[in-house]
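# Architecture at a glance
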Amino acid sequence: MHPLTQPLAGVATSELFARHVVPNYGRFPLTIARGEGSWVWDEEGKRYLDFATGIAVSPLGHRDPAVMRTIREQSETLLHCSNLYWNRPQGLLARFISERMMAAPGKVFFCNSGAEANETLIKLARKFGSLRPGPEGPRYEVLTFEGSFHGRTMAGISATGQTKVKTGFAPLLEGFRHLPWNDLAAVQEAIRPQTAAILLEPLQGEGGIRPADGDFLQGLARVCREHDLLLMFDEVQCGIGRLGHFAGWKAIPGAEAVLPDAVSWAKGMGGGLPIGSAWIASRPISGEPGATLLSDVLGPGSHGSTFGGGPLVAAVSLTVLEEIEARGLIPRAAQLGREIREAVLSWNLPMVREVRGMGLMLGIVLPPGDPGASPTPAARLTQAAMERGLLLVPAGTDVVRLLPPLTVSSEEIALALDILKTSLASL
Ligand SMILES: Cc1ncc(COP(=O)(O)O)c(C=O)c1O
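About the thresholds
- Residues numbered from 1 in each chain as written.
- Predicted model: local features only at pLDDT ≥ 70, side-chain atom pairs only at ≥ 80, totals over all residues.
- Heavy atoms only, no water.
- Helix = DSSP H or I, 4+ residues; strand = E, 2+ residues; numbered from the N terminus.
- Rg over C-alpha atoms; globule rule 2.2 N^0.38 Å.
- Buried < 20%, exposed > 50% of the residue type's maximum accessible area, 1.4 Å probe, protein only.
- Contact = heavy atoms within 4.5 Å.
- Areas by Shrake-Rupley, 256 points an atom, 1.4 Å probe, with all protein chains shown as cover.
- Lys, Arg positive; Asp, Glu negative; His and termini not counted.
- Charge placed at Lys NZ, Arg CZ, Asp CG, Glu CD.
- Axes fitted to C-alpha atoms, helices over the stretch in contact; angles between N-to-C directions.
- Parallel < 35°, antiparallel > 145°, perpendicular 65-115°, else oblique.
- Left-handed = near helix turned anticlockwise from the far one by under 90°.
- Nonpolar A, V, L, I, M, F, W, Y, C, P; charged D, E, K, R; others polar.
- Near = heavy atom within 4 Å.
- Polar contact = N/O pair within 3.5 Å; in protein donor to acceptor, adjacent residues only side chain to side chain.
- Pairing = 2+ DSSP bridges.
- Salt bridge = Lys/Arg side-chain N within 4 Å of Asp/Glu carboxyl O.
- Expected span 1.5 Å × (residues − 1).
- Domains from an automatic or database assignment.
- Buried area = accessible area lost by both parts, 1.4 Å probe.

Regarding its fold elements, the protein chain presents 12 helices and 17 strands. Relative to its length of 427 residues, the protein chain is compact, with a C-alpha radius of gyration of 22 Å against a globular reference of 22 Å. In terms of overall dimensions, the protein chain has a C-alpha envelope of 65 × 55 × 45 Å along the principal axes. Here the protein chain holds 427 residues, and 52% of them are scored as buried. A sequence separation of at least 24 residues applies to 70% of the contacts in the protein chain between residues at least 6 apart. Of the accessible surface of the protein chain, which amounts to about 19400 Å², a share of 55% is contributed by carbon and sulfur atoms. On the protein chain, the mean spot of the 39 positive side-chain charges and the mean spot of the 42 negative ones are 1 Å from each other.

Let us look at the environment of Leu 203. Structurally, the position occupied by Leu 203 is in strand E8 (residues 203–204). With 203 residues separating them in the primary sequence, Leu 203 and Leu 406 have C-alpha atoms 17 Å apart. With near-sequence residues (within four places) excluded, Leu 203 lies in contact with Ile 209, Arg 210, Pro 211, Cys 238, Leu 243, Gly 357, Met 358 and Met 361.

Between helix H3 (residues 65–75) and helix H9 (residues 311–326), whose axes approach to 9 Å, the crossing angle comes to 155°. As judged from the angle between their axes, H3 and H9 are roughly antiparallel. The crossing of H3 and H9 is right-handed. The residues of H9 that touch H3, namely those facing Ala 66, Val 67, Thr 70, Ile 71, Gln 74 and Ser 75, are Pro 311, Leu 312, Ala 315, Val 316, Thr 319, Val 320 and Glu 323. Across the contact of H3 with H9, the residue classes break down as 8 nonpolar, 4 polar and 1 charged.

Here we take up the site of the ligand. Taken together, 13 residues sit near the ligand, with Gly 114, Ala 115, Asp 234, Gln 237 and Lys 267 positioned nearest. Taking Gly 114, its main chain carries an N or O atom lying 2.8 Å from an oxygen atom of the ligand. Measuring from an oxygen atom of the ligand, one finds a backbone N or O atom of Ala 115 at 2.8 Å. No other element matches helix H5 (residues 114–131), which puts 3 residues into the shell around the ligand. Partitioning the shell around the ligand into residue classes produces 3 nonpolar, 6 polar and 4 charged.

What follows concerns the sheet that holds strand E7 (residues 195–200). Ordered by their spatial adjacency, 7 strands build an open sheet running E4-E12-E11-E10-E7-E5-E6, and the pairing between neighbours is mixed. Sheet topology places strand E4 (106–111) and strand E6 (176–179) at the edges, where each strand pairs with a single neighbour. Adjacent strand axes in the sheet meet at a mean angle of 20°, parallel and antiparallel pairs treated alike. Lying on the sheet, helix H4 (residues 88–102) is in contact with E4, strand E11 (262–265) and strand E12 (276–281); it crosses E4 at an angle near 130°.

A few words on the packing of helix H10 (residues 329–346) against helix H12 (residues 410–426). Running from amino to carboxyl end, H10 crosses H12 at an angle of 30°, the nearest separation of the two axes being 11 Å. The orientation of H10 with respect to H12, classified from their angle, is roughly parallel. Relative to H12, H10 is oriented so that their crossing is right-handed. Residue-level inspection shows Arg 332, Leu 336, Ile 340, Ala 343 and Val 344 of H10 in contact with H12, the latter providing Ser 410, Ile 413, Leu 417 and Leu 420.

Turning our eyes to something else, we now look at the pattern of salt bridges. Scanning the entire structure with this criterion turns up 13 salt bridges. Its salt-bridge partner being Glu 325, residue Arg 100 comes within 2.4 Å of it at the nearest N-O pair. With Arg 100 in helix H4 and Glu 325 in helix H9, the pair connects residues that are 225 residues apart, well separated along the chain. Classification of Glu 325 by relative accessible area gives partly exposed; the value is 33%. A salt bridge links Glu 141 to Arg 177, with the nearest nitrogen and oxygen atoms 2.8 Å apart. Linking Glu 141 in strand E5 (residues 141–145) with Arg 177 in strand E6, this pair joins segments that are 36 residues apart in sequence.

What follows is about H12. Counted at 1.5 Å a residue, the expected span for H12 with its 17 residues is 24 Å, and the 24 Å between its end C-alpha atoms agrees. Taken residue by residue, H12 has Glu 412, Ile 413, Ala 416, Leu 417, Ile 419, Leu 420, Ser 423 and Leu 424 as its buried positions.

Moving on: the domain arrangement of the protein chain. If you check the domain split of the protein chain, you get domain 1 (3–51 + 328–426) and domain 2 (68–326). Contacts between domain 1 and domain 2 engage 21 residues on the former and 22 residues on the latter. Interface area, domain 1 with domain 2, both sides summed: about 1600 Å², of which 65% is carbon and sulfur. Area buried by domain 1 at its contact with domain 2 is led by Ile 330, Met 358 and Met 361, which between them contribute 43% of it. The interface formed by domain 1 and domain 2 contains 1 salt bridge. With a closest N to O distance of 2.7 Å, Arg 401 and Glu 206 form a salt bridge. The tally of links from domain 1 across to domain 2 stands at 10 residue pairs in polar contact (both at pLDDT 80 or more). Residue assignment for the side of domain 1 that touches domain 2 shows that the elements contributing at least two residues are H10, strand E13 (354–358), strand E14 (361–365) and strand E17 (399–402). Per-element accounting of the side of domain 1 that touches domain 2 gives the leading share, 4 residues, to H10. Across the side of domain 1 that touches domain 2, the residue classes tally to 14 nonpolar, 5 polar and 2 charged.

Have a look at this one:
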């Protein structure tokens, strides 16, 4: 009999990991065996309300019928074909993203993860900087921000404004500087002849649920126009409807009209299957007649991915995006976010310093623990909630994220809030 059909037979799952899996994650002691809607079950059959969703990955929850149907139908037709050829689901998905999510002319590149999507933006910035050199030659520098997180590849950790992800991996990729968050004057001062682009998360996730100010985003768009820089948004975590808009930054008051040059999305797009994407604006890279469009700068041979935008994942992603729209989940996410925030603040608990974020990407800010103390306050609250049947995600040492599926019911939110309150009181 295949070992997967007898999961508890023989060695425990934790033991398989201890012996055979690279220990690069700090894991909570829980094996997730199956999921349904907003719930997951462990191997012993205990159920948990999933307000982690694989870190903002499953907008429709687990085993959504529409997603399951597309998986079945597409897998019976074609699972994979190379990007040496066209496949229709990829084309339809790119059209949906450009027409519905962005409502602006642009083109889309597909890959498999958030890090690869950001890698695409960074390569785009370099290519753009080589075609539009400064007085000192090709421009290559990408300005990013303190507290940011852009993925675990070498370019991703070089772009990330957190020391902890870089330690031990020197030399990093050249050409990144991390500036103070929400500080437009610091950005203006930092621009130099080598600078080609600015990359930021409109709502920083791993850095502790810290939104950009609307004024800051508007100011960045202006500065980018003045200095011929690309404005690039990393929406890997905050995009796909979670903030109350398909394109996350449009949910930030004052930033609705900002139009970036490029945007990365991943996580929620595939409803649980791995997919990443980079949307690139179709605007001329210079004012000269016949200038190349930015969305054509990455020409044949310049970039690629074997699995990117394969027919199965593209068909599923299109279903996920269509279902989010058809079920009205985006305005609902905005409303539920407001209700959760008000409920948590109404408890007046000293343990809750602040509730940050918007829509269904919220952070409960706890009092900071002693520097270097382990477990951190965020890990203690996450563990306390898990023991009571609620999955949450730490963001740094003193913020805990609530990332429920966009399909979460009001009853499930009420239950989660009960568990959260009891868990906070237990700390
Ligand atoms: C904002 C942001 N960018 C990039 C990434 C990297 O995505 P992935 O883990 O899919 O490579 C993450 C993952 O948490 C993220 O939150």
